[in-house]
Amino acid sequence: MKKIFVSVPAKLLILVISALLILSAGISIMSITRLNNEFKQFQIEKINQSQSQLELHTNIARDKLSLWIESFTDVVQLNEKDNLENLASALERQVDALELNHDVENVWLIDAHNQVLFSTLPLTDYARGSAEQVLLKQEPFYQLYCASSCEQLIAVPLLNSQGELAIIVMTMSLVDVIYSINQALNSEIAVVSFEKSNEMFVSDVEFLSASNIDLMQKLISNIDTDLLIDEVKELGLQADVKNDSYLMNLMSLAETENKQFYLSLVDDVTSIKEEYQRYSKQFLLSSTLIFVTLALLVYFVASPFTNRILTLSNALPLLARKEFEQFRQIRLKRRRLLADELDIVADSATELSYELEQLNIEVDQKTKELENIAMYDLLTGLPNRNMLNYQIRKAVANITRYQQGVAILFLDLDDFKKVNDSHGHGEGDKLLIEAANRLRLSIRNVDLACRFGGDEFVVVLSNMTSAEDAKPIAQVILDRFKEPIKIGSSIFYVSTSIGIAFSNDESVKSEQLVSQADIAMYEAKDNGGDQFHVYHTEMYQRVAYRVMMESEVRQALAKKQFSLSLQPQIVAKTKKLYGFEALLRWKHPEKGMISPDDFIPILENSEHMVDLGYWIIRRCFELCQRLRQQGLKDIRIAINLSAWQFIDVNLPQYLQGLLEEFSLPAACFELELTEQTLVKDIDRAIDMMNSLRNIGFSFAIDDFGTGYSSLAYIKKMPVDVIKIDKSFIFGMLENHADYQIIMSTIAMVKNLGLIVVAEGVESSAQLRSLSENDCDIIQGYYFSKPIPEVELNEFVESKIVDGYWKTTAQAVVEK
């Protein structure tokens, strides 16, 4: 989402305006609140004053009338009279004076028996009630009474000389009271009434008396007809008549069963309202003036700084676009006596432009170096795997265009590891450099040689019509590597194995071509090296089968599908049990028993064979301990070691640990190695054999005569036993050549002081011939097939007596 750009000056101006607006609004709210509070206080004071004035003037009127009654009784000498008729006559004569001077509306004179002695109109209920109150309490009674109008009622008890009681009841008009309040408060006064209901509206008012009835009616006519009495009682009522403003307040006077009576006070608040409006205008004007002044002040003060910030913000993107010279041409500083933070920023930005320019130059240089590193091998200078993949994809893309295919040569130097181990990695690196140079000289200008990794190289051959076109180039490479390589004072003879893959399919993947060439290279290496092989699908099937077997071996180890079978080795002349050879057996849950010939050759050079080999060794120790417990202490078990197992640096430590764990002597075990395992690296093999011999183990060379049989390496190695391969034993009686090889081998080995074991002996004639020619140990089906470990105890009990083959023991007993 794209962000909206707002400049710093705009943000600053918005911030200042917002702050001033908030300040102005706060002051305005405070001022309006204060004015409203003053107005409310004015309303409350008016109501309180009205109540006080009403109470004051009603009390004055009542006191004046009470004083008149007292004076009147003295004048008529009521306390000297023995009847009340004279009092009634005198009172009748004073009625007009009372109406004139005291606003008395009605007069009643009532005796103790509620008999009217004098009245200006018939006795009303409220007059009778007041007389009863006086009779009951024997004291004067005062009341503000409202019916069709509101009047002040006074009832006073009188006694004559005979103790007869008379009550004088008078009602007095409130006109004088209203007038007095009007004069005291300078407010218009009115007595109003409303019909009682759940909701009483101001518009339903009835005026009983008023100091200014016209004004009152105009106010009522100008208000909302839905305005409730309760709202006016709480808040007052403000209304305008022409250009004047008035405030009406209601003060409760009395109530009857059907009506509610109020005293209405109307005050002229025109001056207050005008003052309020004038104050508001002044405040608004002054706030606006202050606001504008401060805004202008902030703008003029901040403008130079904000302009410089804008200049800097417009210039900085030039650094991102690497336009360093254009950036430095912009004037970022001003000539000032005093420097500020913006000057520091400007100086720093200028220095930063120089630093970034220099850094950019260095980054460009490093980028080019990294690109070179990413695509070329630092040691040999050849293109590396990244360049290889790119060039293969490019060559494959051109197949359709040129209607010709692509060939890949995958090279691996034979026995290069020996150079590193014997002469160090420094010499090995020099050898790789020379190998790269020879590879460059062996290919065409249009071809590409790459270092794939380690001692592996890949050549991309374009414009090939078939794999046959690649064979001459592969042969040139082989021939060039046959020449010795001289590095310093050392001379190395290093051959190479080459795998060839070809494709004219434009959809083929580069990884697929390299993988096929790699498979073909391993085929060449497995066949002795120093040759090339062309990839075909059968190679992939063999690799796939090998991968499958490796996976199943791992599962077989975990699920304990492997077991051992032990084949007895018998001393030829005495028939004494010499020992056993441990042979691996695999019972697959689906395929049944799998012959060792089906998986041992495949896994022999695999690292998975190491784990399997360690399992075999440990199992042999367990079986040896079991045989010794059965009394066979002077025997040994022959353990076959794979090439990977033999070169594992952890082997001596592992064997030493097992000897200590099972408390067995090393002489109980004989380690069998093939000739091919030994001659791969004779020096290293001798070192490992010496370290194991120091522990106490003996050694046997298995399948002697089928590989690199040589007296030279036999003399060098600490070997104890030579085993003649069964392929010679099988045809020794029919094939004179095999017979001569066996006899010569026995004689040679015996001269070296070693023990000879003949494998695969199956007949008595073979046994007799071998025994006559001093063969030491016989192993084969003539005596016994390999015995499963679960049947070992039964075999020992049935076939071995006191360490000898049972048939021989029986013959001795018979003699």
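About the thresholds
Residues numbered from 1 in each chain as written. Predicted model: local features only at pLDDT ≥ 70, side-chain atom pairs only at ≥ 80, totals over all residues. Heavy atoms only, no water. Helix = DSSP H or I, 4+ residues; strand = E, 2+ residues; numbered from the N terminus. Rg over C-alpha atoms; globule rule 2.2 N^0.38 Å. Contact = heavy atoms within 4.5 Å. Areas by Shrake-Rupley, 256 points an atom, 1.4 Å probe, with all protein chains shown as cover. Lys, Arg positive; Asp, Glu negative; His and termini not counted. Charge placed at Lys NZ, Arg CZ, Asp CG, Glu CD. Axes fitted to C-alpha atoms, helices over the stretch in contact; angles between N-to-C directions. Nonpolar A, V, L, I, M, F, W, Y, C, P; charged D, E, K, R; others polar. Pairing = 2+ DSSP bridges. Phe/Tyr/Trp six-rings, centres within 6.5 Å; stacked < 30°, edge-to-face > 60°. Buried < 20%, exposed > 50% of the residue type's maximum accessible area, 1.4 Å probe, protein only. Lys NZ or Arg CZ within 6 Å of the ring centre and 35° of its normal. pLDDT = per-residue confidence, 0-100. Core = buried A, V, L, I, M, F, W, Y, C linked by side-chain atoms within 4.5 Å. Arc of directions from axis to C-beta. Salt bridge = Lys/Arg side-chain N within 4 Å of Asp/Glu carboxyl O. Parallel < 35°, antiparallel > 145°, perpendicular 65-115°, else oblique.

Draft legend 1. Representation of the overall build of the protein within the structure. Tallying secondary structure elements over the protein gives 28 helices and 29 strands in all. What you see for the protein is a C-alpha radius of gyration of 66 Å, clearly larger than the 28 Å of a compact globule of 815 residues, by over 25%. Taking the principal axes of the C-alpha coordinates as reference, the protein spans close to 190 × 90 × 55 Å. Taking the contacts inside the protein whose residues are at least 6 apart along the sequence as the reference set, 64% of them involve residues at least 24 apart. Total accessible area on the protein stands at roughly 44200 Å², and carbon and sulfur atoms take up 52% of it. Across the protein, the 78 positively charged side chains and the 113 negatively charged ones have centroids separated by 15 Å.

Draft legend 2. Fine view of the packing of helix 12 (residues 416–423) against helix 13 (residues 425–442). Look at helix 12 against helix 13: their axes get within 7 Å of each other, and the N-to-C directions meet at 145°. Residues F416, V419, N420 and H423 of helix 12 touch helix 13, and the partners they reach there are H425, E427, G428, L431 and L432. Class assignment of the residues belonging to the contact of helix 12 with helix 13 gives a composition of 4 nonpolar, 4 polar and 1 charged.

Draft legend 3. Focus on the sheet that holds strand 5 (residues 165–173). The 5 strands lie next to each other as 2-1-5-4-3, forming an open sheet whose pairing is antiparallel. Two strands close off the open sheet at either side, each with one partner strand: strand 2 (116–119) and strand 3 (141–146). If you compare each strand with its neighbour and ignore which way they point, the axes differ by 15° on average. Examined bridge by bridge, strand 4 (residues 150–159) and strand 5 share 9 bridges and lie antiparallel to one another. By the bridge assignment, Q152 is partnered in strand 5 with M172. Taken strand by strand, helix 2 (residues 85–102) contacts strand 1 (104–111), strand 2, strand 4 and strand 5, and its axis lies near 160° from that of strand 1.

Draft legend 4. A look at unusual backbone geometry. One non-glycine residue with positive phi stands out, namely S663, at about 55°. Assignment of secondary structure puts S663 in the loop between helix 20 (651–662) and strand 22 (669–674). At D802, a residue that is not glycine, the phi angle is positive and equals roughly 55°. With respect to the element layout, D802 can be found in the loop between strand 28 (800–801) and strand 29 (804–805).

Draft legend 5. Focus on the packing of aromatic side chains. For the structure on display, the rule yields 13 aromatic pairs. Summarising the aromatic geometry, the rings of F562 and W586 are spaced 5.2 Å apart at their centres and angled 40° between planes, so their arrangement reads as tilted. Taken together, the residues F562 in strand 18 (residues 562–571) and W586 in strand 19 (residues 577–588) connect sequence positions 24 residues apart. The buried category is assigned to W586, whose relative accessible area is 0%. Taken together, the ring pairs in this structure connect F580, Y782, F783, F795 and W805 into an aromatic cluster. If you follow R62 out to its NZ or CZ, it ends over the ring of Y142, 4.6 Å from the centre. Of note, R385 hangs over the ring of F452, and the distance from its end group to the ring centre comes to 4.0 Å.

Draft legend 6. Focus on the confidence of the model for the protein. Of all residues in the protein, 94% have pLDDT values of 70 or greater, and the mean over the chain is 83. Below pLDDT 50 for its whole length, residues 811–815 participates in 0 contacts with residues either more than four positions away or in separate chains.

Draft legend 7. Fine view of the side chain of S130. Note on placement: S130 falls in helix 3 (residues 125–137). A relative accessible area of 1% places S130 in the buried class. Ignoring sequence-local partners within four residues, the contact set of S130 consists of F141, L153, A155 and V169.

Draft legend 8. Geometry of the nonpolar core. Grouped together as the largest cluster of nonpolar side chains are 80 residues, with contacts concentrated most on F621, F669 and L770. In terms of residue count, helix 18 (residues 608–629) provides more of this core than any other element does, 11 residues in total. When near neighbours in sequence (up to four residues on either side) are disregarded, F669 contacts C620, F621, C624, R636, I637, I639, L659, L664, F697 and S698. Residues A436, A474, L478 and I500 belong to the second largest nonpolar core, which totals 30 residues.

Draft legend 9. Examining the pairing of strand 2 more closely. For strand 1 and strand 2, the ladder comprises 3 bridges, and the chain directions are antiparallel. Residue pairing across strands places I110 opposite V116, the latter belonging to strand 2. From the end of strand 1 to the start of strand 2, which pair antiparallel, there are 4 residues, and N114 there has a positive phi angle of about 65°.

Draft legend 10. Summary view of the environment of V719. As for its position among the elements, V719 is in the loop between helix 23 (711–716) and strand 24 (721–724). For the pair formed by V719 and L673, sequence separation is 46 residues and the distance between their alpha carbons is 9.9 Å.

Draft legend 11. Representation of the environment of L263. Mapped onto the elements of the fold, L263 is located in strand 10 (residues 259–268). Sequence separation of L263 and G579 is 316 residues, and the distance between their C-alpha atoms is 137 Å. Residues contacting L263, with those up to four places away along its chain left out, are L54, I189, A190, V191, N249, L250, M251 and L253.

Draft legend 12. Helix 27 (residues 792–799), seen in detail. Of all the positions in helix 27, only L792, F795 and V796 are classed as buried. Viewed along the axis of helix 27, the buried residues span an arc of 95°, placing them on a single side of the element. For helix 27, the exposed residues lying more than 90 degrees away from the buried face are E794 and E797.

Draft legend 13. Here's a closer look at the sheet that holds strand 11 (residues 405–413). Overall, mixed pairing links the 5 strands, which are arranged 12-13-11-16-17 in an open sheet. Of all the strands in the sheet, just strand 12 (448–453) and strand 17 (532–534) have a single pairing partner and so form its edges. The sheet shows a mean angle of 20° between the axes of neighbouring strands, direction not considered. Taken together, the 7 bridges between strand 11 and strand 13 (residues 456–464) define a ladder with antiparallel strand orientation. Bridged to L409 within strand 13 is V459. Its contacts with the sheet put helix 13 on strand 11, strand 12 and strand 13, and the angle it makes with strand 13 is roughly 10°.

Draft legend 14. How the structure looks around the pattern of salt bridges. Within the structure shown, the criterion is met by 24 salt bridges. With a shortest N-O distance of 3.2 Å, E206 and K259 are connected by a salt bridge. Here E206 is found in strand 7 (residues 206–210), whereas its partner K259 is found in strand 10, with 53 residues between them in sequence. A residue is classified by how much of its surface remains accessible, and K259, at 18% relative accessible area, is buried. In this structure, R451 engages D377 in a salt bridge whose closest nitrogen and oxygen atoms are separated by 3.2 Å. Of this pair, R451 sits in strand 12 while D377 sits in the loop between helix 9 (341–375) and helix 10 (385–397), placing them 74 residues apart in sequence. Several salt bridges share partner residues, and in doing so they unite R618, R619, E622, E661 and E789 into one network.

Draft legend 15. The arrangement of the packing of helix 7 (residues 270–320) against helix 9 in detail. It is at 11 Å that the axes of helix 7 and helix 9 come closest, and there the two elements cross at 10°. When the interaxial angle is binned, helix 7 and helix 9 end up roughly parallel. On helix 9, the residues that touch F305, R308, I309, L312, L316 and L319 of helix 7 are L342, D343, V345, A349, L352, S353 and L356. Among the residues forming the contact of helix 7 with helix 9, the class breakdown is 10 nonpolar, 1 polar and 2 charged.

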